[in-house]
Each structure stands twice: as structure tokens, then as C-alpha cells.
Amino acid sequence: MTVQDPATGVDRFVVVPASYVFFLRERPGSTGGTEVLLQLRRGTGYMDEHWAAAAAGHVERGETAEVAARREALEEVDVTDVGLEFLTAMQRTAHDLPIDERIDFFFAARSWSGEPRIVEQTKCAAMEWFPLDALPDPVVPHERLVLDALRSGEVPPLTHFGF
């Protein structure tokens, strides 16, 4: 997306920022392993019927990526005191509309207060825990890239999608 710089009149390239929270827990029982909480998107107009991070959304004007992640966690799954661990920043494009130029901030959360639940029932059809090594299909593709890296134990600080 471009906006005109009021000082120079020159069009400047702008990206849309978003924050994502992957809630993680150790799998109950003796099998071990890590599970991630995912939501099934429905009624959003974007990647409906795909599994996605339980909490994610745009960074609002004046917010940091961390503040946005905590706000989204409260708004979408009703949890507070989210302990965020930065995973990666992702630059991505869909090569279509200017709005498709994005910068995404991905966080893991292993601690929080409250029991995650579906808050936005018109946008979320289900919410479930899945082992990182047995994710459902389909997962939003750019989120799947980060989940696969998380499963491997090697998440680079900067990732790209769509280039």
C-alpha cells in the first residue's frame, strides 16, 4: 500500500502489521511433546475453514506488537497475563493488492491467566489443541511455515512468505 508523505508529496510504501500468538502447552500424559491451540476460521472472509493461531490481529495505531498480541489474546480467547516469547517477524506478500504487503510478528505463549475459550463465535467455528507434529489440514499457509519451524526447533528471527 502507498500513502502520500505530507511533507514531500511523495508516495511511500506502507505495510500492514499484525501480531499472532501461538499458545503452547506440553501434551498431557506420558507421550510428551508440545501442543498448540488453533482456531478454525469461519465467517471472516479470509482463509475461512483453515486452522489458525488462536489469537491474531492487526497492530493498531500507537500499539506495539506485544501490546497488540495481548489485546488480541483477551479479545479472541479471553486470557490475560500472557507471557510472550518472540518467535519471528515475517515479511509477506500476495503480489495482488497493495493491502497484501504485510509484516507479521509471531509470539509463543506458554503461560497465561484464564482458560482459553471462543469469544468471537461468528469468526471461529472451533478451537482445539493439536500436537505440533500432527497439525490439522489445512492451516493458514504463512502460519504453517512458522509452526513447522517451531516444531523443528529452529525459528529464524526473520522469515518471508510469498516472495
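Look above for the structure.
Parameters and conventions
- Residues numbered from 1 in each chain as written.
- Predicted model: local features only at pLDDT ≥ 70, side-chain atom pairs only at ≥ 80, totals over all residues.
- Heavy atoms only, no water.
- Helix = DSSP H or I, 4+ residues; strand = E, 2+ residues; numbered from the N terminus.
- Rg over C-alpha atoms; globule rule 2.2 N^0.38 Å.
- Buried < 20%, exposed > 50% of the residue type's maximum accessible area, 1.4 Å probe, protein only.
- Contact = heavy atoms within 4.5 Å.
- Lys, Arg positive; Asp, Glu negative; His and termini not counted.
- Charge placed at Lys NZ, Arg CZ, Asp CG, Glu CD.
- Phe/Tyr/Trp six-rings, centres within 6.5 Å; stacked < 30°, edge-to-face > 60°.
- Core = buried A, V, L, I, M, F, W, Y, C linked by side-chain atoms within 4.5 Å.
- Pairing = 2+ DSSP bridges.

Here the focus is the overall build of the chain. Helix and strand content of the chain: two helices and 10 strands. At 16 Å, the chain has a C-alpha radius of gyration in line with the 15 Å of a compact globule built from 163 residues. Counting only C-alpha atoms, the chain reaches 60 × 30 × 30 Å along its principal axes. Residue burial in the chain is summarised as follows: out of 163 residues, 43% are buried. Summarising the internal contacts of the chain: among those between residues at least 6 apart in sequence, 63% fall at separations of at least 24. Put simply, the chain has 15 plus and 27 minus side-chain charges, and the middle of one group is 1 Å from the middle of the other.

So, about the packing of aromatic side chains. The final tally for this structure, using the stated rule, is six aromatic pairs. Between Trp 112 and Trp 129, the aromatic rings sit 6.2 Å apart at their centres with planes inclined by 20°, giving stacked as the arrangement. Here Trp 112, found in strand E8 (residues 102-113), pairs with Trp 129, found in strand E9 (residues 124-131); they are 17 residues apart in sequence, far enough to count as distant. Three or more aromatic residues link up through ring pairs in this structure, and these residues are Tyr 20, Phe 22 and Phe 106.

It is worth spelling out the nonpolar core at this point. Counting residues in hydrophobic clusters, the biggest one holds 22 residues, and the most contacted among them are Phe 22, Val 36, Leu 38 and Leu 147. Sorting the residues of this core by element identifies strand E3 (16-26), strand E4 (34-41), strand E5 (51-53), strand E7 (80-92), E8, E9 and helix H2 (141-152) as the ones contributing at least two each. The element that contributes the greatest number of residues to this core is E3, accounting for four residues. Beyond its immediate stretch of four places on either side in the chain, Phe 22 contacts Val 36, Leu 38, Ala 53, Leu 87, Phe 106, Phe 107, Ala 108, Ala 109, Glu 143, Val 146 and Leu 147. Phe 23, Leu 37, Ala 69 and Ala 109 belong to the second-largest nonpolar core, a separate cluster that totals 15 residues.

A word on the pairing of E7. Where E7 lies against E8, 10 bridges are found, and the strand directions are antiparallel. Within the sheet, the bridge partner assigned to Gln 91 lies in E8 and is Ile 103. One ladder, built from four bridges, connects E7 with strand E10 (residues 158-161); its direction is parallel. When the bridges of E10 are listed, Gln 91 appears paired with His 160.

Interpretation in functional terms is not warranted from these geometric data alone.
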